[in-house]
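Tertiary structure, described
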Amino acid sequence: MITTPSGRDDSKSYLVRAMSEDGRVLALACVTTDLVARSARRHRTSPVAAAALGRALTGGALLASLLKEGQGLAVKFEADGPLGKIVVEAERNGCVRGYVQNPGADVPDRGGKLDVSGALGINGFLTVLKDLGLKEPCQGIVRLRSGEIAQDLAYYLLESEQIPSAVALGVYVESEGRVSAAGGFLVQSLPPPDPETVERIASRLEAMPPVTTLLREGKTPEDLFRDIFSEIPFRILETQPLTLRCSCSRSRIERVLLSLGADELKEMLEEQGEAKVNCHFCRIAYRFNREELEELIGRIA
Ligand SMILES: [Zn+2]
């Protein structure tokens, strides 16, 4: 069933939404240190995989916060680097989960920093699949711009949704591999465009130190807004806890098995005498013994 007792350990991970008083600029900021650290431990990531997965989890949480209640999305980065694909699912209610295909993959540092784009690769695609509660999910695909995750998400928002946005994501991994800071922010200019405000905010953002530096100084998402908006008046709209939580269940895994078809299940039964399926997101193993597999095959036939 659910992987952990409801995100108690993530109580410090949260996201805050704010808007300029004139309603022209929406800003979201979050701290995700606990959530990313737990995910990295669960997937036994290399330091660079922790940084990449952590950025993707944080970016997914920010993107999902742009949705409406009850909606969710999946973000997939797939390129030619050793990490393979990174998949994150995030819901508007703050639940997120994710995995990286090759969590142990490693690449040398570049300029004294973890080389996320070297590990993910640059030749590839970012796919965003939104479940808006309609019949079909709504899908957007863009080519990766930098492989650094944040710029790629900003490019997606501009290219696929025509919303000029700035996205900053950061994960700090200590030399022993522990994630000690993670978080990010997303700033959007809402229509009608107001070039002057956008300009002022853009120059603020350029002058800001990296997110991880700010978080390691002990700054909160609320503090980040003071840096982002500066002298522009703003108000906090909402504060929401973020939780690392999987949506897998035995019945969902059953549906996956059923979709394989009777022949494949019979083969599993003959060769292994059982079926063992690991959830990619939380690594929980689901076992189906002989009787259970036979029952599933019976349902297809
Ligand atoms: Zn799971």
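Being a predicted model, the structure only gives us computed values, none of them experimental.

**Considering the overall build of the chain**
Assigned secondary structure in the chain consists of 10 helices and 13 strands. For the C-alpha atoms alone, the extent of the chain along its principal axes is close to 70 × 45 × 40 Å. Counting every position in the chain, which comprises 301 residues, the buried fraction comes to 42%. In the chain, once contacts between residues fewer than 6 apart in sequence are set aside, the share between residues at least 24 apart is 66%.

**Thoughts on the sheet that holds strand E6 (residues 124-131)**
Ordered in space as E7-E6-E3-E4-E5-E11, the six strands form an open sheet in which the pairing is mixed. The sheet is open, and its two edges are formed by strand E7 (138-143) and strand E11 (243-244), each paired on a single side. Here E6 pairs with E7 via six bridges, running antiparallel. By the bridge assignment, Thr 127 is partnered in E7 with Ile 141. In the packing of helix H1 (residues 33-43) onto the sheet, the strands contacted are strand E5 (95-100) and E11, and the crossing angle to E5 comes to about 40°. Along the sheet, helix H2 (residues 47-64) makes contact with strand E3 (72-79), strand E4 (86-91) and E5, crossing E4 at roughly 30°.

**Quick notes on the sheet that holds strand E9 (residues 179-189)**
Pairing in this open sheet of five strands is antiparallel, and the strands run E8-E9-E2-E1-E10 from one edge to the other. The open sheet is flanked by strand E8 (165-173) and strand E10 (234-241), the only strands paired with a single partner. Strand-to-strand twist of the sheet, defined as the mean angle between neighbouring strand axes without regard to direction, takes the value 10°. As paired elements, strand E1 (residues 14-20) and strand E2 (residues 25-31) share six bridges and run antiparallel to each other. If you follow Arg 17 over to E2, its bridge partner there is Leu 28. Along the sheet, H1 contacts E2, E8 and E9; its crossing angle with E9, the most-contacted strand, is approximately 125°. Packed on one face of the sheet, helix H4 (residues 150-161) meets E8 and E9 and runs near 160° to E8.

**Focus: the domain arrangement of the chain**
Considered domain by domain, the chain is made up of domain 1 (9-244) and domain 2 (250-300). Distance from the C-alpha centre of domain 1 to the C-alpha centre of domain 2: 35 Å. On the domain 2 side, the residues contacting the four residues of domain 1 number four residues. Here the element with the most residues in the side of domain 1 that touches domain 2 is E5; it accounts for three residues.

**So, the nonpolar core**
Formed by 79 residues in total, the largest nonpolar core has its most connected members in Ala 27, Ala 52, Ile 86 and Phe 185. Excluding residues that lie within four positions of it along the chain, Phe 185 makes contacts with Ala 27, Leu 28, Ala 29, Ala 168, Val 211, Leu 224 and Ile 228.

**Section: unusual backbone geometry**
A cis amide bond, omega -5°, links Pro 191 with the succeeding residue Pro 192. Even without being glycine, Ile 149 reaches a positive phi, approximately 80°. Inspection of the secondary structure puts Ile 149 in the loop between E7 and H4. In this structure, Ser 230 is a non-glycine residue whose phi angle is positive, near 55°. With respect to the helices and strands, Ser 230 occurs in the loop between helix H7 (221-229) and E10. With 13 C-beta atoms packed within 10 Å, Ser 230 lands in the partly exposed category.

**Description of the environment of Ala 51**
Assignment of secondary structure puts Ala 51 in helix H2. Its 29 C-beta neighbours within 10 Å are what place Ala 51 among the buried residues. C-alpha separation for the pair Ala 51 and Glu 148, spaced 97 residues apart in sequence, amounts to 9.9 Å. Leave out the neighbours within four places in its chain, and Ala 51 touches Leu 114, Val 116, Val 171 and Val 173.

So, how was this worked out
- Residues numbered from 1 in each chain as written.
- Predicted model: local features only at pLDDT ≥ 70, side-chain atom pairs only at ≥ 80, totals over all residues.
- Helix = DSSP H or I, 4+ residues; strand = E, 2+ residues; numbered from the N terminus.
- Buried ≥ 20, exposed ≤ 12 C-beta atoms within 10 Å, placed from the backbone.
- Contact = placed C-beta atoms within 7 Å.
- Pairing = 2+ DSSP bridges.
- Axes fitted to C-alpha atoms, helices over the stretch in contact; angles between N-to-C directions.
- Domains from an automatic or database assignment.
- Core = buried A, V, L, I, M, F, W, Y, C linked by C-beta atoms within 7 Å.

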